[in-house]
Amino acid sequence: MASSSKPKRIYHVFLSFRGTDVRNNFLDHLYRALDLKGIYTYVDSEELKKGDQIASALMKAIEESHIAVIIFSEDYASSTWCLEEAVKIMECKEERDLKVFPVFYKVEPREVRTPREKYKEAMDKHESKFGENSEKMKRWKKALLDAGNLSGWLVKEGDDSEHIQGIVKEIATHLGREPLHVAKHLVGIDSRVLKLKSMLNLESNDCVLMVGLWGQGGIGKTTLAKAIYNDIFTQFEGSSFLANVRETSKGCKDLVTLQEKLLNEILLRSQRLVVSSVDVGTNLIRERLFCKKVLLVLDDVDDLRQLSALAGEGKWFGNGSRIIFTTRDEHLLTAHKIDQDHVYEVKALDNSEAHELLTKHAFSTHQKLKIRANLVDGVLNYTKGLPLALEVLGSFLCGRREHEWKSTLKKLSKIPNKSINDVLKISYDGLEENEKEIFLHVACFFKGQEIGYIKKVLGSCDLEIAIGLKILIERSLISIKSGTLQMHDLIQLMGMDIVQQDCRDDPMRRSRLWLYDDVLDVLSYDMGDCAVKAIVLEPHELKEISINPDAFTKMRRLKLLILRNVYNSFQGPVCLPHWLRWFEWPGAPCFPEFSSGPKRLVGLCMSKSSITIVAKQYKDLQQLKYVNLSDCKSLVSMPDLSCTPYLKELDLAYCTNLVEAHESIAKHDKLQILRLTGCSELSVFPDVLESKHLRTLYLDGCTKFERFPDIPNELEDLEELWLLGTAIKELPPSIENLVSLQNMFLDNCKNLVSLPPSIYKLQDLEDLGLRGCTNFTRFPKYEDSANPCSEIGLPSLRSLRLEGCNLSEVQFFENLSCFPFLRQLMLTGNNITSLPSSLNKRAHLSHLIVENCHQLQEIPELPPSFSYLYAEGCKSLKNNGDLTSLHHFVRRGLSMADAYSSGQVDNRCLTISKLFYLEESC
């Protein structure tokens, strides 16, 4: 949406007067004094007022003025035209922000307001002509009353010159506060200004409010700041817009310059204040502005020292003041104690707005050239709603033909536009080395990838990843959405260009490689000094690459090597440098070798490779934390984990020939995640499990896994246990030692008969799944546990899924001291005949599913908070109990045949469909 335009201003001042009183004395002197100051003043001719055409011109002149000065002389009210001017001026004051100054020339303000004396005589004459209650008289009287109440000047006999000097000074001061030029084309600004005004809470004068505008470079922060400044600055006693603070305040002296500018713009002194030092300037701001309602905008701040010197605290300014900062660094606002409710994130334009802005810049109104829609879409896709890019590229493409558009887009895919890139690169230049390294890795390799994976990879490369990512988010260089790391395409191109600028012609002298041809070139060199730190190669289709066994060992700085969708035409193992931190090659032909020296590898990912055993070199990889050998179909044995004391994650999922889990997993001190999903031949597992830091254990799909290990000691970290589809018949009583377990999934364990009563001691268990356990005939009773009076059974359980089991009764559910916070109970396909009568006392139960419980004969009264009951296929249902407590939107999944056969359901509740809803009337 394009912004609505502000009133066009042509004249600085409009003078309204009665010529016979003041034209040859006071008015002439005032006009000359204004003219000497360069103030463009509109003065009408008395004779010209007689024509209608000129009357229209006068009204237009009032609308096109910044300031109106009404000179109330003795005979002013005798002129109906003067009265009409006064009405128009007061209307423009309310509707167009016209500033009005009254001058009471040899009359008292009360004479004008009430009116009295000469003014009363004049108004009486008008009343006799137009009628006392006519609309014209009402408008004139209101205009005189309102104008007479304004603050102005009282000019008596003999002191014209002194007052004229004061009037001119005040007008000059006011005109010094001019609106700012915002942009050639404004699109989407109005809605953003409106939202920002709401955040500024301009109606309140109780306190000082500081607000931050935050966003990436080129996103439109300055444009929005200028627009809001223009919209509201007249509501404040003083205002200042300090542009380009980052650039202007590079030294201490430059901060002094900004302090002087702030003070002089707000105070509007005829003689400029001079600031000798930052400390002096800080004190002057506090002393001179503490009782003044001001609007202050600090544009493009990037250092806390700038904020401290220019707007250190709210109490520096008078109540009702508003301080606005624009920055690329969100943390700067946090450090200045600006809460998140007062941080406005400036976001990219949406597709419609972006198209409108591009059109305004790229296509002139007289342009006859037609540009194909796909080329316009190409520019929109490249710019991704970034206003700076839309303006720069739109202006560049204006008047150019289709082949030039096409050529420009092709060029931009290789080399970013310099004007755009220079603005975006400012954010990068302000980073420290750790954050620069992380940023370049993300830009070149990891945009759009899962954040957990990125943390592992880059954390393995000696980078402080937690604080690094946080800073990049604060600087608007990256964002995290739905667990993936996102980056604007132009910021990504800027990062890639920084790497390529190391040496565009020689990839060996660049820090990072990601293009297939560049990697081939580097691998073909007889390398001397190679600057490559990281290689991530992932072509869209499978490609051949010839890797000499010693190719990587010559890369003395290489820490990260990821090869996806490539195969090595050179036979034999690849030798990796011992200083490498992360190696990832899905489908690698064989286990790599390593150069001599202490091995520093942290991450090893070789899924889908054809290895049968883990080579003896594994025992030297003592720094390993992450190992992924998933989907290695030929792997028959698990490595000895005692060789890797720092291992956190081991993924052997879908190693379908793996038979035995190595004994070392039982007592590994650092292991957090063990994934054996889909290891269909796995049958041998340690008898006990004592890995005290294990967080998640995946054994789902291990169809030959029959016995779950004992847990002799409490495991305080294990939160998730996946046993779906295993061959286990029972769990050991020591399961109670999984004291932090939150989720346990036993679905489709066909041999499972029962659970130990000790399960009730799992205080943190929230989700228990037993769906499809066809031999599970009895859920344990709380009373059977060793010490049933000591505590509440399963106090945290929220969901209990028992669909497709072989239960004939659910008496375990009768005990209200168990599952007190249960929300979902799913009993589909069981042999139960009834539900516990205590069901209505379970205050948190909201969902009950008893679909296809063919022998179920009764549904008891349900709790007041209940919201969903599904009972499709309950053929034996005879008694629906008391359902009046159900909310009107509760869904009852009874078929019409079932419902009618029960004879208990009010026909008012039925619909023609298979399912029906209980209305409130039921």
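Source: prediction; values computed, not measured.

Turning next to the overall build of the protein chain. Looking only at helices and strands, one finds 25 helices and 34 strands in the protein chain. A globule of 922 residues ought to have a C-alpha radius of gyration of about 29 Å, yet the protein chain, at 40 Å, is considerably larger. Per-residue burial for the protein chain yields a buried fraction of 52% across its 922 residues. Contacts spanning at least 24 positions in sequence make up 57% of the contacts within the protein chain whose residues lie at least 6 apart.

Let us now look at the packing of aromatic side chains. Enumeration according to the criterion identifies 30 aromatic pairs in this entry. When the centroid spacing of 5.4 Å and the interplanar angle of 10° are considered together, the rings of Phe14 and Tyr42 count as stacked. Separated by 28 residues along the polypeptide, Phe14 in strand β1 (residues 11-16) and Tyr42 in strand β2 (residues 41-42) bring together distant segments of the chain. Here the aromatic residues Tyr760, Phe776, Phe779, Tyr782, Phe812, Phe813 and Phe819 are joined through ring pairs into a cluster of three or more. The positively charged end of Lys543 is found above the aromatic ring belonging to Tyr516, 4.6 Å away from the centroid.

Here we take up helix α18 (residues 402-412). Among the residues of α18, Trp405, Thr408 and Leu412 are the ones counted as buried. Burial along α18 is one-sided: seen end-on, the buried residues are contained in an arc of 65°. Turned more than 90 degrees off the buried face of α18, the exposed positions are His403, Lys406, Lys410 and Lys411. The secondary structure elements touched by the buried residues of α18 are α15 (351-362), α16 (373-383), α17 (387-397) and α23 (489-500).

This paragraph deals with the pairing of strand β4 (residues 99-105). Taken across its seven residues, β4 has six buried, putting it largely inside the fold. As paired strands, strand β3 (residues 65-72) and β4 are joined by six bridges and run parallel to one another. Bridge pairing in β4 links Ala68 to Val100. Following the chain from β3 across helix α3 (residues 80-96) to the adjacent parallel β4, one finds a crossover that is right-handed. The sheet contact formed by β4 and strand β5 (residues 153-155) spans three bridges and is parallel.

Sheet architecture is open: five strands sit in the order β7-β8-β9-β6-β10, paired in parallel fashion. Each of the sheet's edge strands pairs with one partner strand only, and the pair in question is β7 (238-242) and β10 (343-345). Here the average twist between neighbouring strands, direction ignored, is 15°. Taken together, the three bridges between strand β6 (residues 209-214) and β10 define a ladder with parallel strand orientation. What sits directly across from Trp214, in β10, is Glu345. Where helix α9 (residues 221-232) meets the sheet, its contacts fall on β6, β7, β8 (294-301), β9 (322-327) and β10, and the angle it forms with β7 comes to roughly 165°.

Per the counting criterion, the structure on display carries 44 salt bridges. Put simply, Glu108 and Arg110 hold a salt bridge, and the shortest N to O gap is 4.0 Å. Judged by relative accessible area, which is 25%, Glu108 ranks as partly exposed. Among the residues examined, Arg110 registers a relative accessible area of 41% and is labelled partly exposed. Of the charged contacts in the structure, one is a salt bridge between Lys261 and Glu265, with a shortest N-O distance of 2.6 Å. With a gap of four residues between them, Lys261 and Glu265 both fall in helix α11 (residues 252-267), about one helical turn apart. Judged by its relative accessible area of 33%, Lys261 is partly exposed.

With that settled, the discussion passes to the environment of Lys99. Within the secondary structure, Lys99 is located in strand β4. Spatially, the C-alpha atoms of Lys99 and Ile535 are 65 Å apart, while their sequence positions differ by 436 residues.

What follows covers the environment of Val602. Mapped onto the fold, Val602 is located in the loop between β20 (593-594) and β21 (603-605). For Val602, a relative accessible area of 10% corresponds to the buried category. On a C-alpha basis, the gap between Val602 and Tyr525 in space is 28 Å, while along the polypeptide they are 77 residues apart. Those residues within four positions of Val602 in sequence are excluded, and the remaining contacts are Ser460, Arg581, Gln623, Leu624, Lys625 and Tyr626.

As a further point, take the side chain of His66. For His66, the location among the structural elements is in strand β3. With residues near it in sequence (within four places) discarded, His66 still touches Arg9, Tyr11, His12, Leu98, Lys99, Leu175 and Glu178.

Spatial ordering of the open sheet is given by β2-β1-β3-β4-β5, a layout of five strands whose pairing is parallel. Every other strand in the sheet has two partners, leaving β2 and β5 as the edge strands with one partner each. Strands β1, β3, β4 and β5 of the sheet are contacted by helix α7 (residues 160-175), whose axis makes an angle of about 160° with β5.

Our next topic: the side chain of Asp518. Tracing the backbone shows Asp518 in helix α24 (residues 516-524). Other than its neighbours up to four places away in sequence, Asp518 contacts Pro507, Arg510 and Leu513.

Below, the discussion takes up the packing of helix α20 (residues 433-446) against helix α22 (residues 465-474). Any two packed helices are characterised by the angle at which their axes cross and by the distance between the axes. Between α20 and α22, the shortest axis-to-axis distance is 9 Å and the interhelical angle comes to 75°. With respect to α22, the axis of α20 lies roughly perpendicular. Across the interface between the two elements, Asn434, Glu435, Ile438 and Phe439 of α20 pack against Ile465, Ile467, Gly468, Leu469, Ile471 and Leu472 of α22.

Further remarks concern the nonpolar core. Grouped together as the largest cluster of nonpolar side chains are 117 residues, with contacts concentrated most on Phe552, Leu676, Leu746, Leu768, Leu770 and Phe779. Secondary-structure elements contributing two or more residues to this core are α24, β14 (534-537) and β16 (560-563). With four residues, α24 is the single largest residue contributor to this core. The contact partners of Leu676, leaving out residues within four places of it in the chain, are Met638, Leu652, Ala653, Leu658, Leu682, Phe685, Tyr698, Leu699, Asp700 and Cys702. Counting residues in hydrophobic clusters, the runner-up holds 88 residues, among them Ile232, Leu412, Val457 and Met487.

Our focus in this paragraph is unusual backbone geometry. At Lys106, a residue that is not glycine, the phi angle is positive and equals roughly 60°. Inspection of the secondary structure puts Lys106 in the loop between β4 and α4 (109-113). Of note in this structure, Phe819 is not a glycine but carries a positive phi near 45°. Assignment of secondary structure puts Phe819 in the loop between β29 (799-801) and β30 (824-826).

Considering the arrangement of structural elements, one finds Ser634 in the loop between β22 (626-628) and β23 (649-651). In this structure the C-alpha to C-alpha distance between Ser634 and Cys655, which are 21 residues apart in sequence, comes to 7.2 Å.

Once that is clear, we can look at the pairing of β1. Among the six residues of β1, five are classified as buried, and the element is accordingly described as predominantly covered. Looking at chain direction, β1 and β3 are connected through five bridges and run parallel. Considered in β3, the bridge of Phe14 is made with Ala68.

Taking 1.5 Å of rise per residue, 14 residues should cover 20 Å, and α20 covers 18 Å from first to last C-alpha, within 8% of that figure. Counting buried residues along α20, 13 of its 14 residues qualify, which places the element largely inside the surrounding structure. Following α20 by one or two positions, Gly448 has its phi on the positive side, about 85°.

Attention shifts here to the state of the cysteines. As enumerated under the stated definition, the model contains zero disulfides in all. Here Cys461 is not cross-linked by a disulfide; its sulfur's nearest cysteine counterpart is in Cys605, at 12 Å. The thiol of Cys805 is not disulfide-bonded; the next cysteine sulfur, from Cys773, is found 5.1 Å away. Take Cys805: its relative accessible area is 5%, and that puts it in the buried class.

What counts, and where the lines are drawn
Residues numbered from 1 in each chain as written. Predicted model: local features only at pLDDT ≥ 70, side-chain atom pairs only at ≥ 80, totals over all residues. Heavy atoms only, no water. Helix = DSSP H or I, 4+ residues; strand = E, 2+ residues; numbered from the N terminus. Rg over C-alpha atoms; globule rule 2.2 N^0.38 Å. Buried < 20%, exposed > 50% of the residue type's maximum accessible area, 1.4 Å probe, protein only. Contact = heavy atoms within 4.5 Å. Phe/Tyr/Trp six-rings, centres within 6.5 Å; stacked < 30°, edge-to-face > 60°. Lys NZ or Arg CZ within 6 Å of the ring centre and 35° of its normal. Arc of directions from axis to C-beta. Pairing = 2+ DSSP bridges. Right-handed = clockwise from strand over helix to strand, strands pointing away. Axes fitted to C-alpha atoms, helices over the stretch in contact; angles between N-to-C directions. Salt bridge = Lys/Arg side-chain N within 4 Å of Asp/Glu carboxyl O. Parallel < 35°, antiparallel > 145°, perpendicular 65-115°, else oblique. Core = buried A, V, L, I, M, F, W, Y, C linked by side-chain atoms within 4.5 Å. Expected span 1.5 Å × (residues − 1). Disulfide = S-S within 2.5 Å.

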